Structure formats: structure tokens, C-alpha cells
Amino acid sequence: MINRRHLAAASFAFGVSALAFAMPASAQTKWNLPAAYPSDNPHSENLVLFAKDVEAATAGKLQITVHPNASLFKAPEIKRAVASGQAQMGEVLMSLHENEDPVYGIDVVPFLATSFADSRKLYTASKAAIEKKLDSQGIKLLFMVPWAPQGVYAKKDINTVEDMKGLKWRSYNVGTARLGELLGMQSVTIQAAELPQALATGVVNSFMSSGGTGYDSKAWESLTHFYDTQAWIPKDATFVNKAAFNGLDKATQDAILKAAATAEERGWKMWQEKAGWYLDQLKAKGMKVQAPSPELAAGFKKAGETLTADWLKKAGAEGQAIIDAYKKM
Ligand code: PCA
């Protein structure tokens, strides 16, 4: 005989077991986050901490797997993968996409913002425009984190920009490629994940980057000099497919946004703390780390002015307005 108490107990038991079956599939979402730079680079370490924070805040409901070093998508493909939903989240250098919109290249306008404090101001002044452009492409910006000031790696003394003529120059975006062209170098675009091999095989013998990427690619194994030209501080952006984000419940969305705000602060701090350490490591490995000579600095300033004029022409009134706002900060 089944009485009401038994029935209640039985349906409770059924409910629990149904729930137990349903739990893994319905309550746990797994996302991928393709990232462009090596796993022990601060950018990737920060992303892993971000994923952990999201997982903890959602009690395991949203699990994000970080795929560093362009292992899931090549750096220039990450943004499109997120826009099209092939990956839910992604991270890459924003200025890789300057061809789509000049605003993505605002942080590589030469000598505009060369300290972390100025870089942060430029970020504040440009964030809304970047967010708007990404939004129009189906992407929601989560946070942006800087690299360190960009300098020049070479295999010989570079006293003036004339000394750079004919070098095999590795570029990573529009600005570095244009710089190579302006200074009479043979420029080839190579992303960070392929840089160690390009250096080892002699495909390139010079490049511009941070102490971080020189360290990641063991620049000292093939090159000898680093000139701390402090040309600009580029930033990586971490973003999410808009539709995927909108499909989450409010609590999960809030957890992501909170973890993103934390990751942004942590990332800026990590780079400020580590920028000097990287240069010390290059020195310890035997590289000559030095300030550019006044002549070399002047040559870079001049090339920088051409690049700035190029950018302003492309970016028009909107770009000028951002720069004006930044200069008032
Ligand atoms: N490292 C990246 C981008 C800027 C940087 O410091 C690179 O060289 O590809």
C-alpha cells in the first residue's frame, strides 16, 4: 500500500536522483578562453586567476579554460573566434586590430603615453570608444591590461636610426610594421608565439617589444642589445561573446564582471611590478640594456611623428577628441 507519506518520499527521492543526473549537464557551463601569450607571462597568469575567481564565485557553475600561447587560435584569429562564438572568451593585443578601427590602435600612437600612469589615463579616455566598437562587432570588453614600455632588440650597436637600415625586423602590428618601413628595414609580421623560432633561425635579427616578450622568447640567445626607447605601452584586451554573456543568469554575469574588475587591477599591478625585473633578467643574461643615445631617440621621435600623423588622419575627429580628453587629464 502506498500512503501519502511514501508517495511524497518516493517523489522526493525521484526528484533528488533526477537532479543528480541533471546537475553536471545543466548546472555547469564550460567555456574556452584562447589567449595569445605564453603560460608564464603575467597576462596568462592573470587570466588563470580570473578563471579561478569566476569558478569560485559561481560555485563551479562556470568553468573557463585558458588556452595560452595561441594554442587554440593564432593571435590574430582570437577576436574573430569570439565574435563568431567559436570561443566564448578571448584575450589578445588590442592593436592587432587597428586595421578594423583606428581606436584599437590608440595605445600604440608613439610617445603619447609612455608611463604606466599616462597609459592608464589614455585607457580611461579611450575605453568607451573601444567598448562601443567591440559591441558593434558582437563582443563585450571585460578588461584591459598593459605590457611594459616598448624598446628595441638588436644584435649590434644602434646609435642612430640609420644603423637600423636593412635589419630583419620583426613587427607585431600596423605600427611596428610601419616603423620598420619608415626606417628602411625588412619588416616581417610574426606573433609572439612564433618569435622564439624566428629568432633562433635568424629569420629576424631585431624587433620592438617589452622586456617581457624579450624574456619569454629568450632574446639573449640570439641578440645582444636592448634599447629602452619607451615608444608606447600596448594593452591586451580580454573580452566575451556578447550573446554568450547575455545568455547567462544575472548572478553569473555579475560574477564575471566582478572578477574582471579584479583582474584588471591585478594585471596593471603585475606589470608595473615586473617591468624592471624583466630588464634586470635581460642584463643578467648578458644583454646590454641601455637608454637610446640622444640621436637615436631623436630619430625615433621623428618617425613617431609620422606615425602619429598617419593615425590622426585615419582616426579623424573621434580620435582627436580622445587625445584631447586624455591630455586634459
Ligand atoms: N609583447 C607583445 C606585444 C607587445 C609586447 O610587449 C609582442 O611582442 O608580441
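Residues numbered from 1 in each chain as written. Predicted model: local features only at pLDDT ≥ 70, side-chain atom pairs only at ≥ 80, totals over all residues. Heavy atoms only, no water.

Chemist: Honestly, the overall build of the chain in this entry has me stumped. Any pointers?
Modeler: In terms of regular secondary structure, the chain is built from 10 helices and 11 strands. On the principal axes, the C-alpha backbone points of the chain span a range of 100 × 45 × 30 Å. Within the chain, the proportion of its 329 residues that are buried is 50%. Accessible surface for the chain amounts to roughly 15,000 Å². Of this, 55% is attributable to carbon and sulfur atoms. Side chains of the chain give 37 positive and 33 negative charges; the mean places of these two sets differ by 4 Å. (Helix = DSSP H or I, 4+ residues; strand = E, 2+ residues; numbered from the N terminus. Buried < 20%, exposed > 50% of the residue type's maximum accessible area, 1.4 Å probe, protein only. Areas by Shrake-Rupley, 256 points an atom, 1.4 Å probe, with all protein chains shown as cover. Lys, Arg positive; Asp, Glu negative; His and termini not counted. Charge placed at Lys NZ, Arg CZ, Asp CG, Glu CD.)

Chemist: Can you help me understand the sheet that holds strand β4 (residues 139–146) in this one?
Modeler: Backbone hydrogen bonds are what pair the strands of a sheet, in a parallel or an antiparallel way. With respect to topology, 3 strands assemble into an open sheet ordered β3-β10-β4, the strand pairing being antiparallel. Two strands in the sheet have a free side with no partner beyond their single neighbour: β3 (89–93) and β4. In this sheet, adjacent strand axes meet at a mean angle of 20° when their direction is disregarded. Here 7 bridges tie β4 to strand β10 (residues 235–241), and the two strands are oriented antiparallel to one another. If you follow Lys 140 over to β10, its bridge partner there is Val 240. In the packing of helix α9 (residues 250–284) onto the sheet, contacts are made with β3, β4 and β10, and the angle to β4 comes to roughly 25°. (Pairing = 2+ DSSP bridges. Axes fitted to C-alpha atoms, helices over the stretch in contact; angles between N-to-C directions. Contact = heavy atoms within 4.5 Å.)

Chemist: Looking at this structure, I do not really get the packing of helix α5 (residues 174–182) against helix α10 (residues 294–327). What am I missing?
Modeler: How two helices pack is summed up by the angle between their axes together with the distance between the axes. The geometry of α5 relative to α10 is characterised by a closest axis approach of 10 Å and an angle of 130° between their N-to-C directions. Viewed along their axes, α5 and α10 adopt a mutual orientation that is oblique. For α5 against α10, the interelement crossing comes out right-handed. Of α10, the residues touching α5 (which contributes Val 174, Gly 175, Arg 178, Leu 179 and Leu 182) are Phe 300, Ala 303, Thr 306, Leu 307, Asp 310 and Lys 314. Counted by class, the contact of α5 with α10 contains 6 nonpolar, 2 polar and 3 charged residues. (Parallel < 35°, antiparallel > 145°, perpendicular 65-115°, else oblique. Left-handed = near helix turned anticlockwise from the far one by under 90°. Nonpolar A, V, L, I, M, F, W, Y, C, P; charged D, E, K, R; others polar.)

Chemist: Please clarify how the site of the ligand should be interpreted in this entry.
Modeler: All residues adjacent to the ligand are Leu 93, Trp 147, Gln 150, Arg 170, Tyr 172, Ala 192, Ser 209, Ser 210, Thr 213 and Pro 234. Contacts to the ligand include Ser 209, whose side-chain N or O atom sits 2.7 Å from an oxygen atom. Take Thr 213: an N or O atom from its side chain is 2.6 Å from a nitrogen atom of the ligand. Compared with its free state, where it exposes 260 Å², the ligand has 100% of that area covered by protein. (Near = heavy atom within 4 Å. Polar contact = N/O pair within 3.5 Å; in protein donor to acceptor, adjacent residues only side chain to side chain.)

Chemist: Would you explain the pairing of strand β1 (residues 29–34) in this entry?
Modeler: Both faces of the sheet carry side chains from a regular strand, because those side chains alternate between them. Of the strand pairs in this sheet, β1 and strand β2 (residues 62–67) are connected by 6 bridges, and their pairing is parallel. Looking at β2, one finds that Pro 34 is bridged to His 67. After leaving β1, the chain enters helix α2 (residues 42–57) and then returns to the sheet as β2, a path that is right-handed. (Right-handed = clockwise from strand over helix to strand, strands pointing away.)

Chemist: Please clarify how the confidence of the model for the chain should be interpreted in this entry.
Modeler: Detail in the predicted coordinates should be disregarded across regions flagged by low pLDDT. Taken as a whole, the chain shows an average pLDDT of 93; of its residues, 92% reach a score of 70 or greater. At the level of individual helices and strands, the chain shows its lowest average pLDDT in helix α1 (residues 4–27), which scores 46, and its highest in β4, which scores 99. Predicted confidence for residues 1–25 stays below pLDDT 50, and this span has 4 contacts to residues more than four positions away or in other chains. (pLDDT = per-residue confidence, 0-100.)

Chemist: Quick question: what am I supposed to make of α9 here?
Modeler: Given 3.6 residues per turn, any residue in an α-helix points the same way as the ones three and four places further on. When the terminal C-alpha atoms of α9 are compared, their 49 Å separation across 35 residues agrees well with the 51 Å that a helix rising 1.5 Å per residue should span. The largest bend along α9 reaches roughly 35° and is located at Lys 274. The distance from a side-chain oxygen at the start of α9 to the backbone nitrogen of Ala 251 is 3.2 Å, and the residue carrying that oxygen is Asp 249. Positioned one or two residues after α9, Gly 286 has a phi angle of 100°, which is positive. (Expected span 1.5 Å × (residues − 1). Bend = angle between axes of the 7 residues up to and from the residue.)

Chemist: Would you mind showing me how to read the side chain of Asp 236 here?
Modeler: Tracing the backbone through its elements, the reader meets Asp 236 in strand β10. For Asp 236, which is buried and forms no salt bridge, the nearest opposite charge comes from Lys 235, at a distance of 9.7 Å. Among the polar contacts listed, one links the side chain of Asp 236 to the backbone nitrogen of Leu 93, at a separation of 3.5 Å. Each residue touching Asp 236, except ones within four places of it in the same chain, is listed here: Tyr 37, His 43, Glu 91, Val 92, Leu 93, Met 94, Phe 143, Met 144, Val 145 and Trp 147. (Salt bridge = Lys/Arg side-chain N within 4 Å of Asp/Glu carboxyl O.)

Chemist: Hey, could you run me through the packing of aromatic side chains in this one?
Modeler: Note on aromatic pairs: each is described by the distance of the centres and the angle between the planes. For the structure on display, the rule yields 11 aromatic pairs. Pairing Phe 50 with Phe 143 gives two aromatic rings, centres 5.4 Å apart and planes at 65°, and the pair type is edge-to-face. Placement of the pair is Phe 50 in helix α2 and Phe 143 in strand β4, with a sequence separation of 93 residues. Counting every residue linked through ring pairs, the aromatic cluster contains Tyr 37, Trp 147, Tyr 215, Trp 220, Trp 271, Trp 277 and Tyr 278. The ring of Trp 268 carries the charged tip of Arg 120 above its face, separated from the ring centre by 4.8 Å. The ring of Phe 245 is capped by Lys 140, whose NZ or CZ atom sits 5.3 Å from the centre of that ring. (Phe/Tyr/Trp six-rings, centres within 6.5 Å; stacked < 30°, edge-to-face > 60°. Lys NZ or Arg CZ within 6 Å of the ring centre and 35° of its normal.)

Chemist: What's the story with the pattern of salt bridges in this structure? I'm lost.
Modeler: Side-chain pairs of opposite charge can arise whenever the charged atoms involved come near each other. For the coordinates displayed, the defined rule picks out 17 salt bridges. The shortest N-O distance in the salt bridge between Lys 242 and Asp 135 comes to 3.2 Å. Here Lys 242 is found in helix α8 (residues 242–246), whereas its partner Asp 135 is found in helix α4 (residues 116–136), with 107 residues between them in sequence. Judged by its relative accessible area of 25%, Lys 242 falls in the partly exposed class. One salt bridge in this structure joins Asp 280 and Lys 283, with 3.7 Å as the shortest N-O distance. Placement of the pair is Asp 280 and Lys 283 together in helix α9, with a separation of 3 residues, close to one helical turn. The class for Asp 280 is partly exposed, based on a relative accessible area of 42%. Three or more residues joined by partner-sharing salt bridges are found here, namely Arg 120, Glu 264 and Glu 265.

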